[in-house]
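Per-entry structural report
The residues making up each chain are set out below.
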Amino acid sequence: MKMILFRKYYYGDLPDNQKGAQHSSPTEGTQEGAGTWPLWEVFIRSKQGLDHKHVGSLHAADAKMAIENARDVYTRRQEGVSIWVVESKSIHASNPDDAENFFEPANDKVYRHPTFYDLPDELKHM
Amino acid sequence: MFQKTVKMKTNQRFDSSTNHLIAYPLHLADNALILGHRDSEWTGHGPILEQDIALSNIALDLIGQARNFYQYAAKLKADGSTEDTLAYLRDVNEFKNCLLVEQPNGDWGQTVTRQFLFSTYQYFLYQQLQHCSDKTIASIAEKGLKEVTYHTRWSSEWIIRLGDGTDESHTRMKNALNHLWEFTDELFIQSSYETGVAKHGIRVDHALIKEQWYEKVRSVLSEATLSIPESSQQKRENLGKEGHHTEHLYEILSEMQSLQRALPGCEW
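A quick note: this is a predicted structure, and the numbers were derived from the prediction, not measured. (Residues numbered from 1 in each chain as written. Chains lettered and ligands numbered in written order. Predicted model: local features only at pLDDT ≥ 70, side-chain atom pairs only at ≥ 80, totals over all residues.)

1. Considerations on the overall build of chain B
Of the regular secondary structure elements, chain B holds 12 helices and zero strands. Counting helices and strands in the order they occur from the N terminus, chain B gives α-α-α-α-α-α-α-α-α-α-α-α. Here chain B has a C-alpha radius of gyration of 19 Å; the compact-globule value for 268 residues is 18 Å, and the two agree. Dimensions of chain B, computed from the C-alpha atoms along their principal axes, are close to 70 × 45 × 35 Å. Here chain B holds 268 residues, and 41% of them are scored as buried. Look at the contacts in chain B between residues 6 or more apart in sequence, and 77% of them connect residues 24 or more apart. (Helix = DSSP H or I, 4+ residues; strand = E, 2+ residues; numbered from the N terminus. Rg over C-alpha atoms; globule rule 2.2 N^0.38 Å. Buried ≥ 20, exposed ≤ 12 C-beta atoms within 10 Å, placed from the backbone. Contact = placed C-beta atoms within 7 Å.)

Below is the structure:
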């Protein structure tokens, strides 16, 4: 019996032959560019002192364009003071099939939560 | 005392230098409105979603600047004009925008080239206007400068990307530049009101702008492996600034003004 092996790819974790920018002409006035420009993940810091948070993704030909596109797509309503972009192919995701052994063991370890401290009211974002 | 002030103001309205003071913000507003309107024609048709939004943002920035300048012009006119009557009810020969901004979008290359040539000019102009002694013009220019800085950056990147791109994109950029170049002369020919407003403290060193503009344009084009087209050396007689427009402005206005002309004062 012949076994067919196939690998499942998770979000962003693309194989090399499917990675990277392919040249396309954005002058053609079609939506073709969106299909061939690589995907980028966008992280926005909403104000100084806070973390950059993932806000979504977009297409761009390179990092410079990705930052500008992120500025135009994700910060037009004063959402941010700083932008990070990373090409989606560089993000490796955990396998959903691993969820059971990855995450469930933490369920009954309540003592790991620092619930025995009183936090002052002034302390935010904890 | 009150009587006297009123009388002086009435007299001033017939003084051509006051007319210049009204014409100048109208000119700045028309440039921004018409280019903004052209850019907005791409909304929903951009080459990719992200750039569709980018150009629509630029259109909105420009229309916002136009509103501020129209509001100021309406206030100076003090004849019941509003930003809306100025934008929607003036005839084509009353528009004072440069010919460059009314030119059609063409392909993406032509659109970004028009944006680059004009935004670069606007950038150096606003840089000076933000320090002029007319407080309203200065503050609109100061706010607009931040927006225009981005427009210049965005369009420069496209010039470089496409100029130094594939054979086809390079050819298209070259064609766009050759086509639009003849309209850049006008940016540096002063209309009567541009000279006239100096009396009102709006002093702009146009020679300096021209110098800065050439330097910036030359450096971006050279990075894009493009070069400045050979000038036709033909002195432009008909200035858009003075109300002499190409047929393209008729097209824009007939579309842009159709609603207000059909249903005056209509709101939605």
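The structure having been displayed, the exposition proceeds.
2. Observations concerning the overall build of chain A
Scanning chain A from N- to C-terminus turns up three helices and three strands. Counting helices and strands in the order they occur from the N terminus, chain A gives α-β-β-α-β-α. A burial count over chain A gives 17% of its 126 residues as buried. At a minimum sequence separation of 6, the contacts of chain A that also span at least 24 residues come to 49%.

3. Here's the deal with the environment of Leu100(B)
All names here are of chain B. For Leu 100, the position within the fold is in helix H5 (residues 99–102). You can call Leu 100 buried: it has 22 C-beta atoms within 10 Å. It is 8.7 Å that separates the C-alpha atoms of Leu 100 and Trp 181, two residues lying 81 residues apart in sequence. In this view, Leu 100 contacts Arg 114, Leu 117, Phe 118, Leu 180, Phe 183, Thr 184, Glu 186 and Leu 187; residues no more than four positions away in its chain are not counted.

4. So, the confidence of the model for chain B
Residues and elements named next belong to chain B. Per-residue pLDDT for chain B averages 91, and the proportion of residues at 70 or more is 92%. Model confidence for chain B, summarised as mean pLDDT per element, is weakest for helix H1 (residues 2–13) at 42 and strongest for helix H6 (residues 108–129) at 98. Quick note on the complex model: pTM equals 0.81, ipTM equals 0.74. (pLDDT = per-residue confidence, 0-100.)

5. As for the environment of Asn97(B)
Residue and element names in this part refer to chain B. Following the sequence through the fold, Asn 97 ends up in the loop between helix H4 (83–88) and H5. Look at Asn 97 and you get buried, because 24 C-beta atoms sit within 10 Å. Along the primary structure Asn 97 and Glu 242 are separated by 145 residues, whereas in three dimensions their C-alpha atoms are 8.3 Å apart.

6. Examining the pairing of strand E2 (residues 52–59) of chain A
Residue and element names in this part refer to chain A. Pairing geometry for strand E1 (residues 39–45) and E2, over seven bridges, is antiparallel. Across the sheet, Leu 39 pairs through a bridge with His 59, a residue of E2. Connecting E1 to the antiparallel partner E2 that follows it, the hairpin turn spans six residues, and Gly 49 within it adopts a positive phi of roughly 95 degrees. (Pairing = 2+ DSSP bridges.)

7. Brief notes about helix H10 (residues 206–223) of chain B
Residue and element names in this part refer to chain B. Along its 18 residues, H10 runs 26 Å from first to last C-alpha, staying within 8% of the 26 Å computed at 1.5 Å per residue. Tucked into the core, H10 has its buried residues touching H6 and helix H7 (135–163). Downstream of H10 by a residue or two, Thr 225 has a phi angle that is positive, lying close to 55 degrees. (Expected span 1.5 Å × (residues − 1).)

8. Overview of the confidence of the model for chain A
Residues and elements named next belong to chain A. Here chain A averages 78 in pLDDT, and 71% of its residues register 70 or above. Here helix H1 (residues 32–36) stands out as the element of chain A with the lowest mean pLDDT, 56, in contrast to strand E3 (residues 82–87), whose mean of 97 is the highest. Note that pLDDT drops below 50 for residues 15–34; the model gives that stretch 35 contacts with residues more than four away or on any other chain.

9. Describing the sheet that holds E1(A)
Residues and elements named next belong to chain A. Strand order across the open sheet formed by three strands is E2-E1-E3, with antiparallel pairing between neighbours. Edge positions in the sheet fall to E2 and E3, since each has one partner strand and no second. Sheet twist, expressed as the average angle between the axes of neighbouring strands with direction ignored, equals 25 degrees. Pairing geometry for E1 and E3, over six bridges, is antiparallel. Its bridge partner lying in E3, Glu 41 is registered against Val 86. Each of E1, E2 and E3 is contacted by helix H2 (residues 63–74), which is oriented at about 130 degrees to E3, the strand it contacts most. (Axes fitted to C-alpha atoms, helices over the stretch in contact; angles between N-to-C directions.)

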